[in-house]
Amino acid sequence: MLGMTKLDLEKADALNTVNEIFQQPKIWKQLFEEAENNKAAIEKILSEMYSKNQLTRVIFTGAGTSSYIGDILVPELTRRNQGNVLFEAVPTTDIVANPTNHFIKEVPTILVSFARSGNSPESMAAVELGSQLVNDIYHVVFTCNKDGMLAKKVKELENGRLILLPEETNDKGFAMTSSFTSMVLLSYLYFSCESLTFNVNAEKMLDKIHEPIDEILNIDFERIIYLGSGIFAKLSQEAALKMLELTAGKVVSMNESSLGFRHGPKSILNEKTLVFLFMSQDPYTRKYDVDILKEIATDSLDVKIVALDEKRDKEVEQLANWYIPMNVKETSFTHAIELALLYILFAQSFALKKSLQLGITPDNPSPDGRVNRVVKGVTIYPYPASEN
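The model shown is predicted, which means the values in this text are computed figures rather than measured ones.

K.L.:
Looking at this model, I keep getting lost on the environment of Val140. Mind explaining?
P.N.:
Mapped onto the elements, Val140 comes out in strand S4 (residues 137–143). The spacing of Val140 and Leu111 is 29 residues in sequence and 6.2 Å in space, taken between C-alpha atoms. Not counting residues up to four positions away in its chain, the partners in contact with Val140 are Met49, Ile110, Leu111, Val112, Ser113, Arg161 and Ile163.

K.L.:
What is the right way to read the sheet that holds strand S6 (residues 223–228) from this model?
P.N.:
One key point about sheets: their strands pair by backbone hydrogen bonds, in either a parallel or an antiparallel sense. Strand order in this open sheet of five strands is S7-S6-S8-S9-S10, and the pairing throughout is parallel. Edge positions in the open sheet fall to strand S7 (252–257) and strand S10 (322–325), since each of these has one partner strand only. Taking the axes of each pair of neighbouring strands and ignoring which way they run, one obtains an average angle of 15 degrees across the sheet. Across six bridges, the pairing between S6 and strand S8 (residues 273–278) is parallel. Residue pairing for S8: Gly228 is matched across the bridge by Phe278. On top of the sheet, helix H12 (residues 231–246) reaches S6, S7 and S8; it is set at about 180 degrees to S7, its chief contact. Set on the sheet, helix H13 (residues 283–297) makes contact with S6, S8 and strand S9 (304–309); between it and S8 the angle comes to about 165 degrees.

K.L.:
Can you help me understand unusual backbone geometry in this one?
P.N.:
As a rule of thumb, non-glycine residues mostly have phi less than zero, and peptide bonds are mostly trans rather than cis. A positive phi angle is found at Asp13, which is not glycine, with a value near 55 degrees. Looking at where Asp13 falls in the secondary structure, it is placed in the loop between helix H1 (6–11) and helix H2 (15–22). With a phi close to 55 degrees, Ala248 is a non-glycine residue in the positive phi region. Relative to the elements of secondary structure, Ala248 occurs in the loop between H12 and S7. Look at Ala248 and you get partly exposed, because its relative accessible area is 43%.

K.L.:
Would you take a moment to explain the packing of helix H5 (residues 65–80) against helix H9 (residues 178–192) for this structure?
P.N.:
The relative placement of two packed helices comes down to the angle between their axes together with the axis-to-axis distance. In the contact formed by H5 and H9, the axes pass within 10 Å of each other and the chain directions differ by 30 degrees. The angle between H5 and H9 falls in the class roughly parallel. Read as a crossing pair, H5 and H9 show a hand that is right-handed. Judged by residue contacts, Thr65, Ser66, Tyr68, Ile69, Ile72, Leu73, Glu76, Leu77 and Arg80 of H5 engage Phe180, Met183, Val184, Ser187, Tyr188, Phe191 and Ser192 from H9. Taken together, the residues of the contact of H5 with H9 break down into ten nonpolar, four polar and two charged.

K.L.:
Would you explain the pattern of salt bridges in this entry?
P.N.:
Any two side chains of opposite charge can pair, so long as their charged atoms come close to each other. Taken as a whole, this structure holds 16 salt bridges when the rule is applied. The salt bridge involving Asp220 is made with Lys272; its shortest N-O contact spans 3.0 Å. One end of the pair, Asp220, is in the loop between helix H11 (210–216) and S6; the other, Lys272, is in the loop between S7 and S8, with 52 residues separating them in the sequence. For Lys272, a relative accessible area of 32% gives the class partly exposed. Taking the shortest distance from any N to any O, the salt bridge between Glu317 and Arg312 comes out at 2.8 Å. Overall, Glu317 belongs to the partly exposed group, its relative accessible area being 32%. Salt bridges here are not isolated pairs; linked through shared partners, they connect Asp220, Glu222 and Lys272.

Definitions and cut-offs
Residues numbered from 1 in each chain as written. Predicted model: local features only at pLDDT ≥ 70, side-chain atom pairs only at ≥ 80, totals over all residues. Heavy atoms only, no water. Helix = DSSP H or I, 4+ residues; strand = E, 2+ residues; numbered from the N terminus. Contact = heavy atoms within 4.5 Å. Pairing = 2+ DSSP bridges. Axes fitted to C-alpha atoms, helices over the stretch in contact; angles between N-to-C directions. Buried < 20%, exposed > 50% of the residue type's maximum accessible area, 1.4 Å probe, protein only. Parallel < 35°, antiparallel > 145°, perpendicular 65-115°, else oblique. Left-handed = near helix turned anticlockwise from the far one by under 90°. Nonpolar A, V, L, I, M, F, W, Y, C, P; charged D, E, K, R; others polar. Salt bridge = Lys/Arg side-chain N within 4 Å of Asp/Glu carboxyl O.

What follows is the structure, given as structure tokens:
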């Protein structure tokens with residue numbers, strides 16, 4: 001796996017994280033099949049939750065990586081939504097600190113919580129605050145841990161539904177990998193009610209992924225920027241976080257949209273910067289990705305560029321130092337989510353190998369406990385009943 005033996009990975013304290021990255025295609029296939037088999041039941045559940053007479057808010061929430069799931073889902077679900085539903089993404093950390101900024105008492109709301117462990121204090125508090133501040137609220141919990149506090153909490157609620165992911169998605173490694181992509185995929189399948197086919201590209205990509213990664217890692221970089229448009233701009237948040245987490249902050253990582261990068265963030269570029277660009281498959285949006293690619297490629301700084309794309313494009317290939325198409329099939333993807341899963345699979349693998357190159361232990365990159373697999377040290381304050 002990733003060009004390393006099991007013994008090498010065990011010695012490097014990386015086996016859990018690598019296994020969790022490589023198990024993703026198998027789990028995705030299982031989720032595809034389960035969602036397809038239960039499509040009618042899922043549609044019935046949604047029709048029962050959505051208000052018949054007025055707008056229903058669907059708020060996707062979570063903390064850290066789990067909060068990015070909603071950011072990725074909202075643009076796609078909004079574009080495909082035909083009903084009286086408003087999709088939003090708000091981190092639990094924002095809800096807990098400022099609940100009345102995000103909950104509207106009189107508007108029917110479905111609070112969709114994402115959690116790997118389900119033991120984060122903010123996750124529990126967001127559910128309780130929603131129940132306290134919204135008259136008509138329904139709770140849906142996607143979690144990878146059947147024994148987590150959040151799973152137990154939602155099962156106690158009359159207006160709640162628990163959706164458990166396969167047990168192996170409860171990643172043992174520090175960084176969320178298979179838990180993240182599995183929750184993205186399953187929640188998209190639930191709320192879009194669309195039929196997708198399993199993406200065989202993931203399995204093929206994992207067979208050879210270490211080759212371009214090892215080549216890119218031959219260059220000396222200290223900063224990495226992830227860029228993209230649409231949902232890929234949102235996906236870039238998770239890619240940047242994976243690099244930051246798995247390298248214990250030794251590689252400065254940031255993200256921005258292709259258009260937004262010029263508005264100040266471009267100042268971070270120097271000779272030791274690596275830029276990743278998640279190319280859009282949409283012909284119109286893609287024009288903006290190509291423009292920023294040209295601008296960086298022709299800059300006087302010797303900035304190295306990695307362009308990930310769906311299918312081979314000669315213009316993009318000539319501009320990038322490394323050009324990696326994801327789709328090996330003749331047919332194109334019909335959903336951006338399919339491409340997003342492949343992009344983040346590559347980014348996870350790249351971050352892990354950079355971690356190993358720096359001599360960091362990916363399964364526990366912060367052995368001093370400065371950051372933890374499940375957040376610690378959070379005090380949750382009771383929200384005054386008088387302000388409800």
